[in-house]
Amino acid sequence: MSAAKIDIDPAIERIWRENRCLKRVSIQGYRYRVQHFIEYCRVRNLPENTQLTLAGVTAFSRWYARSRKLDFKVTVAATHSALSTW
């Protein structure tokens, strides 16, 4: 996948910060996961909104964990948190 930066709506980040009381490091992690999820969907011609299901998030998490040699359980938990709030 390319390294193209995908911007997250500033209003979403404001909501993450104000309503969810997330710290900057958590927001950065959420932004990173959302950006990778969007890029994953675009490369595969998958509509992002239809992939925001447990099955879609799990499929993305499996790919993400495998491609980065990460623990799947940790990856899916972090990804689920980021994408469910997005």
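It should be noted that the structure appears before, not after, this text.
Residues numbered from 1 in each chain as written. Predicted model: local features only at pLDDT ≥ 70, side-chain atom pairs only at ≥ 80, totals over all residues. Heavy atoms only, no water.

So, the overall build of the chain
Working step 1: Helix and strand counts for the chain come out as 5 helices and 0 strands.
Working step 2: The order of helices and strands in the chain, counted from the N terminus, is α-α-α-α-α.
Working step 3: For 86 residues, the compact-globule estimate of 2.2 N^0.38 gives 12 Å, and the C-alpha radius of gyration of the chain, at 13 Å, lies within 12% of that figure.
Working step 4: For the chain, the C-alpha atoms occupy an extent of roughly 30 × 25 × 25 Å along the three principal directions.
Working step 5: Evaluated residue by residue, the chain yields a buried proportion of 35% over its 86 residues.
Working step 6: Considering only contacts within the chain whose residues lie at least 6 apart along the sequence, 53% involve residues at least 24 apart.
Working step 7: With the model as given, the accessible surface of the chain reaches about 5600 Å², and the carbon-plus-sulfur share is 54%.
Working step 8: Computing the positive centroid from 15 side-chain charges and the negative centroid from 7, the chain places the two 7 Å apart. (Helix = DSSP H or I, 4+ residues; strand = E, 2+ residues; numbered from the N terminus. Rg over C-alpha atoms; globule rule 2.2 N^0.38 Å. Buried < 20%, exposed > 50% of the residue type's maximum accessible area, 1.4 Å probe, protein only. Contact = heavy atoms within 4.5 Å. Areas by Shrake-Rupley, 256 points an atom, 1.4 Å probe, with all protein chains shown as cover. Lys, Arg positive; Asp, Glu negative; His and termini not counted. Charge placed at Lys NZ, Arg CZ, Asp CG, Glu CD.)

A closer look at the pattern of salt bridges
Close approach of charged atoms lets side chains of opposite charge pair.
Working step 1: Throughout the structure, instances matching the rule amount to 1 salt bridge.
Working step 2: Residue Glu48 is joined to Arg42 by a salt bridge in which the shortest nitrogen-to-oxygen separation is 3.2 Å. (Salt bridge = Lys/Arg side-chain N within 4 Å of Asp/Glu carboxyl O.)

Considering the nonpolar core
Working step 1: Core analysis: the largest hydrophobic core is formed by 17 residues, its most contacted members being Trp16, Val34 and Phe60.
Working step 2: Secondary-structure elements contributing two or more residues to this core are α2 (24-43), α4 (54-68) and α5 (72-85).
Working step 3: Sorting elements by how many residues they give to this core places α2 first, with 7 residues.
Working step 4: Excluding residues within four positions of it along the chain, Trp16 makes contact with Ile8, Cys21, Leu22, Ile27, Tyr30, Arg31, Val34, Ala82, Thr85 and Trp86. (Core = buried A, V, L, I, M, F, W, Y, C linked by side-chain atoms within 4.5 Å.)

Comments concerning the packing of α2 against α4
Working step 1: Two numbers describe how α2 lies on α4: the axes approach to 11 Å, and their chain directions differ by 105 degrees. Judged on the interaxial angle alone, α4 and α2 are roughly perpendicular. Along the contact surface, α2 presents Tyr32, Arg33, His36, Phe37 and Tyr40, while α4 presents Ala59, Phe60, Trp63, Tyr64 and Arg68.
Working step 2: A class-by-class count of the residues in the contact of α2 with α4 yields 7 nonpolar, 1 polar and 2 charged. (Axes fitted to C-alpha atoms, helices over the stretch in contact; angles between N-to-C directions. Parallel < 35°, antiparallel > 145°, perpendicular 65-115°, else oblique. Nonpolar A, V, L, I, M, F, W, Y, C, P; charged D, E, K, R; others polar.)

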